[in-house]
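# Report on the structure
Listed below, chain by chain, are the residues.
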Amino acid sequence: MTHEQLRKILLDGIAIPAHPLVLDASRKFDERRQRALSRYYLAAGAGGLAVGVHTTQFAIHEPGGLYEPVLQLAAEEMNRVSDRPLVRIAGVIGKTEQAVREAGIAREAGYDAALLSVSAMKGSSEDELIAHCKAVADVIPLFGFYLQESVGGMDLPYSFWRKFVEIENVVAIKIAAFDRYKTIDVIRALAESEREDVALYTGNDDNIIQDLLTTYRFKVGEKTIEKQFSGGLLGHWAVWTKKSVELLERAKAEKANGPASQEMMVINNETTDANAVLFDASNSFRGCIPGLSEVLRRQGLLEGTWCLDEKEVLSPGQSEEIDRLYRSYPHLTDDDFVKEHLDEWLT
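Quick look at the structure, then. Fair warning: this is a prediction, and the values are worked out from it, not measured in the lab. (Residues numbered from 1 in each chain as written. Predicted model: local features only at pLDDT ≥ 70, side-chain atom pairs only at ≥ 80, totals over all residues. Heavy atoms only, no water.)

Another aspect to go through is the packing of aromatic side chains. Counted according to the given criterion, the structure contains twelve aromatic pairs. With a centroid separation of 6.5 Å and an interplanar angle of 40 degrees, the aromatic rings of tyrosine 40 and phenylalanine 337 are classed as tilted. With tyrosine 40 in helix α2 (residues 31-43) and phenylalanine 337 in helix α13 (residues 335-346), the pair connects residues that are 297 residues apart, well separated along the chain. Under the relative-accessibility criterion, tyrosine 40 is labelled buried at 0%. Under the relative-accessibility criterion, phenylalanine 337 is labelled buried at 12%. Aromatic rings pair up to connect Tyr40, Tyr41, Phe337 and Trp345 into one cluster. Looking at arginine 188, its charged tip hangs above the ring of tyrosine 158, at a distance of 3.9 Å from the centre. Cation over ring: lysine 242 sits above phenylalanine 337, and NZ or CZ is 5.5 Å from the ring centre. (Phe/Tyr/Trp six-rings, centres within 6.5 Å; stacked < 30°, edge-to-face > 60°. Helix = DSSP H or I, 4+ residues; strand = E, 2+ residues; numbered from the N terminus. Buried < 20%, exposed > 50% of the residue type's maximum accessible area, 1.4 Å probe, protein only. Lys NZ or Arg CZ within 6 Å of the ring centre and 35° of its normal.)

Once that is clear, we can look at the layout of surface pockets. Reported here for the largest pocket is a volume of approximately 220 Å³. For the largest pocket, the lining is made up of 13 residues, of which Leu11, Lys227, Gln228, Phe229 and Ser230 are closest to its centre. Top contributing element to the lining of the largest pocket by residue count: strand β9 (residues 223-228), with three residues. Residues that form the lining of the largest pocket fall into these classes: five nonpolar, two polar and six charged. (1 Å grid on protein atoms, 1.4 Å probe; cavity = no way out; pocket = protein on both sides within 12 Å on 5 of 7 lines; lining within 4 Å. Points joined across faces, edges and corners; volume = space filled by probe spheres on them. Nonpolar A, V, L, I, M, F, W, Y, C, P; charged D, E, K, R; others polar.)

Turning to the nonpolar core, a few remarks are in order. The biggest cluster of nonpolar side chains holds 104 residues, and the ones touching the most others in it are Tyr40, Tyr111, Trp161, Phe164, Ile173, Leu278 and Leu301. When residues of this core are assigned to their parent elements, the largest contribution, six residues, is made by helix α3 (residues 67-79). Leaving out residues up to four positions away in the same chain, leucine 278 has contacts with His236, Val239, Trp240, Gly287, Cys288, Gly291, Leu292, Val295, Gln318, Ile322 and Leu325. Of all hydrophobic cores here, the second largest spans 21 residues; its members include Leu6, Ala50, Phe143 and Ala176. (Core = buried A, V, L, I, M, F, W, Y, C linked by side-chain atoms within 4.5 Å. Contact = heavy atoms within 4.5 Å.)

Let's shift gears to the pairing of β9. When strand β8 (residues 215-220) meets β9, the two strands line up antiparallel, connected through six bridges. If you follow arginine 217 over to β9, its bridge partner there is glutamate 226. The turn joining β8 and β9, which pair antiparallel and follow one another in sequence, is formed by two residues; a positive phi near 60 degrees is taken by glycine 221. (Pairing = 2+ DSSP bridges.)

With that settled, consider the pairing of strand β5 (residues 142-147). The element β5 is extensively covered by neighbouring structure, given that six of its six residues are classed as buried. Taking every second residue as pointing to the same face, both faces of β5 are buried, with Leu142, Gly144 and Tyr146 on one and Phe143, Phe145 and Leu147 on the other. Bridge analysis of strand β4 (residues 113-116) against β5 gives two bridges, and the strand direction is parallel. Bridging from a neighbouring strand, leucine 115 pairs with phenylalanine 143 of β5. In this view, the connection linking β4 to its parallel neighbour β5 by way of helix α5 (residues 126-137) has right-handed handedness. Pairing of β5 with strand β6 (residues 170-176), which is carried by six bridges, proceeds in the parallel orientation. Bridge pairing in β6 links phenylalanine 145 to lysine 174. (Right-handed = clockwise from strand over helix to strand, strands pointing away.)

With that settled, consider empty space enclosed by the protein. Counted under the stated rule, the structure contains five cavities of 30 Å³ or more. Estimated volume of the largest cavity: approximately 220 Å³. Forming the boundary of the largest cavity are 18 residues, of which His54, Leu147, Lys174, Asp205 and Phe279 lie nearest the centre. Mapped by element, the contributors of at least two residues to the lining of the largest cavity are β5 and β6. Its residues assigned to classes, the lining of the largest cavity shows eleven nonpolar, five polar and two charged. As a volume, the second largest cavity reaches approximately 100 Å³. For the lining of the second largest cavity, the secondary-structure elements that each account for two or more residues are α9 (241-257) and α10 (262-278). If one sorts the elements of the lining of the second largest cavity by residue count, α9 sits on top with three residues.

Given below as structure tokens:
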């Protein structure tokens, strides 16, 4: 798609699941079920896919890893969808040489933008970080990423984001700081740049619905500038995706038509409770990827919860907590939708 089309779609607001990696019992790439998972997300109404990101397991970025085949497979499935344009986001990591190389791979595979993690640049100065981001932006449009420190991110102050939003090829920013102060730092930096062509996407899994409903207002010179999250790019949306898409559309409608309903505030808290279980927040997120995989396994999309790292498994009690989620919040699940279409997705 064109640069203008990409910006418009992102600003209008879409749901972008962070795509998991599917392995078989031998921890080998399960191409059939990987395709089924992509088909599920697209049938559920996702506006695009984020591939090669944390939920896809960062180990695929290692030399000789699965980065290219995983990106290519998801691109093939998105290319089969003809009823709407889809945004293709590729996760890009590493120091500058690796990040630029991965950006080139993503571009050649037809991806529209790179979700850039700067975690590998810890210890760099702010100017070095910005130079790193510019080098990637010279290759492919940039989706900024504020990753919380508890899972490997780094502190990125207001001053960094104020410089970052001056990079012309930035199209969006995913905020996953899990911190209201840091979230406001990014939004204020964007507001004070007076750019209207950069979209904000929530990755704050502890406050998803609230983010989607909130307006941020800043005084910039003589102007009053308002900013809102357009959509979400979330590992949480890798499960129960159809209901997540519906919730995004409901949030957009409520935001456009008046104050948010009390019911949506309740759903925000229910979603946060569900995320705490799925992402294993009580155990420093150790069971995050297996938690998502367990839901997908129960739905029949995956055969197991295997990860590339054999030590990455469900935490004690996590499965029982997922049972609780199903009992407490059946309205957040989409098992009936998956059951209806599973056979065709696995074909």
